[in-house]
Amino acid sequence: MELTLNRAVLDIPPIGIRAFADLARSTPGAVSLTIGEPDLNTPEAVKEAAKRALDANDTHYPEGNGNLYLRQAIAAFERRRNGLAYDPEEIIVTIGATGALFAGLFTILNPGDEVIIPTPAFSLYEAIVRLCRGVPVALPTENDRFQVDPDKLRRALTAKTKAVILTSPNNPTGCVYTQETLEGLHRVLKDQPVFVLCDEVYRQLTYTDSFRSFSAYQDMHDRILVVQSFSKPYAMTGWRVGYLMADAAVRERAQMVHQYGVVAAPSFIQPACAEALNYDNSADVALFRRRRDYVYSRLTEMGLPVEKPEGAFYVFAGISQFGMDSLTFCTRMVREGLVAAVPGCYFGTEGYMRISYCYGDDELRDGLNRIQRFIRSL
Ligand SMILES: Cc1ncc(COP(=O)(O)O)c(C=O)c1O
């Protein structure tokens, strides 16, 4: 008896970054600069709030879209910090930003619908679009300093385009979209029957005062979906909680995907999430900014082409001058140079490696010294 599995599931590869981090881990003496999570701990007040909730037996089914007090806290936070006007009724508390991406994309995509993904991009987008039976369409940005060129976007639009994903600050480049980019994109998209999914998981980790997001174009409120996470700004990656914000009509359907999939985000972490929104992360931002400056100056001194990141905690460095594909380069760098960075191919762009600076000063210095020695040896 032969049973076939879901072709959409069979067709997607395992998460590449994890496999590469495993290679670094299993290489004795290797330093890894691969990880995509803060090397900090969750703030004490946040942990205390979860402990109190457990002791108070806040362990029963919560509201499907997240408890009202948390959605109210999120709405107030978004208004105060990010200038976004979303009603608590337009918010779903999800299992990480990943859950928000999945609920959002599953809600809007029909089989064969195209999703434009500016590359390099967070690798889960392509896989999630495929799982939703959509068609990912890469829009390369490496020749445009990792900005999305509005004319190129216009040319990529087809009758099948259902959505565009915009990630600023970006993983893996750390770049933020300029005001000029945003205005150009808005001009192209405002009259198109296309959703714009704004992944803002690094929004609270920016090193510029001029950060603006596409989500500010609320004349497109009915077509914008905002994906957010508690993971990165509050060192809460293991808590697995994020949220989706969308116009009520979209939210009403997205909650079907979310609630039939997971019922709800866990109850006793919700008071802790509300507490996290009060956390002042400016000292953490200052720490990451200092590291960004260090890593950027070291890499430019080595002669590697780098666009200065304005957010997140990654630098995407050019390595095409060494005449190898990024997987070969990074594999050799682990084996011969005992230092690991993530090959650009895992973000859909050849000729680069992603270096994370979620590491202490000594580790960063050691890792960068090793990169320098390795590239000199080539
Ligand atoms: C751009 C981007 N979006 C979404 C996510 C997923 O975040 P979460 O931990 O909230 O699922 C990540 C994680 O690395 C990311 O880099």
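Residues numbered from 1 in each chain as written. Predicted model: local features only at pLDDT ≥ 70, side-chain atom pairs only at ≥ 80, totals over all residues. Heavy atoms only, no water.

**Focus: the environment of Leu-368**
Stated formally: Here a strand is any run of E in DSSP of at least two residues, a helix any run of H or I of at least four, and the numbering for each starts at the N terminus. Burial here depends on accessible area, computed with a 1.4 Å probe over protein chains only, as a share of the maximum for the residue type. Under 20% is buried, over 50% is exposed, and the range in between is partly exposed. Whether two residues are in contact is decided by their heavy atoms: any pair within 4.5 Å suffices.
Within the fold, Leu-368 resides in helix α13 (residues 361–377). Judged by its relative accessible area of 0%, Leu-368 is buried. Taking C-alpha positions, Leu-368 is 13 Å from Met-353, a pair spaced 15 residues apart along the chain. Not counting residues up to four positions away in its chain, the partners in contact with Leu-368 are Tyr-294, Val-295, Arg-298, Leu-299 and Met-302.

**Some thoughts on the environment of Met-256**
Among the secondary structure elements, Met-256 is positioned in helix α9 (residues 248–262). For the pair Met-256 and Glu-200, spaced 56 residues apart in sequence, the C-alpha to C-alpha distance is 23 Å.

**Quick notes on the sheet that holds strand β9 (residues 314–318)**
Quick note on the threshold: Whether two strands pair depends on DSSP finding at least two bridges between them.
What the 3 strands build is an open sheet, ordered β9-β12-β11; its pairing is antiparallel. What marks the edges here is a single partner per strand, and that holds for β9 and β11 (342–343). Of the strand pairs in this sheet, β9 and strand β12 (residues 352–356) are connected by 5 bridges, and their pairing is antiparallel. Across the sheet, the residue bridging to Gly-318 is Tyr-352, located in β12.

**A closer look at unusual backbone geometry**
With omega at 5 degrees, the peptide bond leading from Thr-119 into Pro-120 counts as cis. Following the sequence through the fold, Pro-120 ends up in the loop between β3 (114–119) and α6 (124–131). Positive phi values are uncommon outside glycine, yet Arg-133 reaches one of about 65 degrees. In this fold, Arg-133 is placed in the loop between α6 and β4 (135–140). Phi is positive for Ala-312, close to 60 degrees, though the residue is something other than glycine. The topology assignment puts Ala-312 in the loop between α11 (282–301) and β9. Judged by relative accessible area, Ala-312 falls into the buried class, the value being 0%.

**Focus on helix α2 (residues 16–25)**
As a reminder of what qualifies: An arc is given here, and it is the one of the directions from the helix axis to the C-beta atoms.
Those residues of α2 lying buried are Gly-16, Ile-17, Phe-20, Ala-21 and Ala-24. Down the axis of α2, the buried set is contained in an arc of 130 degrees. They therefore lie on one face. Residues of α2 that are exposed and angled more than 90 degrees away from the buried face: Arg-18 and Arg-25. At its buried positions, α2 is contacted by β1 (31–32), α12 (326–337), β10 (339–340) and β11.

**So, the packing of aromatic side chains**
Keep this limit in mind: Two aromatic rings, drawn from Phe, Tyr or Trp (for Trp, its six-membered ring), form a pair once their centres lie within 6.5 Å of each other, and the interplanar angle then sorts them: stacked below 30 degrees, edge-to-face above 60, tilted otherwise.
Counted under the stated rule, the structure contains 18 aromatic pairs. Look at Phe-122 and Tyr-125: their rings are 5.5 Å apart centre to centre, the planes differ by 85 degrees, and that puts the pair in the edge-to-face class. Ring centres 5.9 Å apart and planes at 65 degrees place the aromatic pair Phe-146 and Phe-316 in the edge-to-face group. Here Phe-316 lies in strand β9 and Phe-146 lies in the loop between β4 and α7 (150–156), a separation of 170 residues in the sequence. Here the two residues Phe-146 and Phe-316 agree in accessibility, since each one is buried. The rings of Tyr-202, Phe-288, Phe-313, Tyr-314 and Tyr-357 are connected pair by pair, giving a single aromatic cluster.

**Quick notes on the pattern of salt bridges**
Which entries qualify depends on this criterion: By salt bridge we mean one thing: a side-chain nitrogen of Lys or Arg within 4 Å of a carboxyl oxygen of Asp or Glu.
What the rule picks out here adds up to 20 salt bridges. The partner of Arg-291 in a salt bridge is Asp-39, and the shortest N-O contact between them spans 2.9 Å. Linking Arg-291 in helix α11 with Asp-39 in the loop between β1 and α3 (44–55), this pair joins segments that are 252 residues apart in sequence. Accessibility expressed as a relative area gives 34% for Asp-39, which makes it partly exposed.

**Details of the pairing of strand β8 (residues 242–246)**
Summarising burial for β8: 5 of the 5 residues are buried, a large majority. Going residue by residue along β8, you find Gly-242, Leu-244 and Ala-246 tucked away on one face and Tyr-243 and Met-245 tucked away on the opposite face as well. Where strand β2 (residues 91–94) meets β8, 4 bridges bridge the pair, whose relative direction is antiparallel. Each bridged residue has a counterpart across the sheet, and for Val-93 the counterpart in β8 is Tyr-243.

**Structural notes on the pairing of β9**
It is a general feature of regular strands that their side chains alternate between the two faces of the sheet. The buried count for β9 comes to 5 of 5 residues, which makes it a mostly enclosed element. Of the two faces of β9, the one holding Tyr-314, Phe-316 and Gly-318 and the one holding Val-315 and Ala-317 are both buried throughout.

**Focus on the packing of α12 against α13**
So the rule is basically this: The angle between two axes is taken between their N-to-C directions and runs from 0 to 180 degrees, where each axis is a line fitted to C-alpha atoms and a helix contributes only its stretch in contact. Each angle receives one of four descriptions, namely roughly parallel if under 35 degrees, roughly antiparallel if over 145, roughly perpendicular if within 65 to 115, and oblique otherwise. Each residue is assigned to one of three groups, with Ala, Val, Leu, Ile, Met, Phe, Trp, Tyr, Cys and Pro labelled nonpolar, Asp, Glu, Lys and Arg labelled charged, and all others, Gly among them, labelled polar.
One can describe the packing of α12 onto α13 by two numbers: an axis separation of 10 Å at closest approach and a directional angle of 105 degrees. With respect to each other, α12 and α13 are oriented roughly perpendicular. The residues of α13 that touch α12, namely those facing Phe-329, Arg-332, Met-333, Glu-336 and Gly-337, are Arg-370, Ile-371, Phe-374 and Ile-375. Here the contact of α12 with α13 is built from residues that sort into 5 nonpolar, 1 polar and 3 charged.

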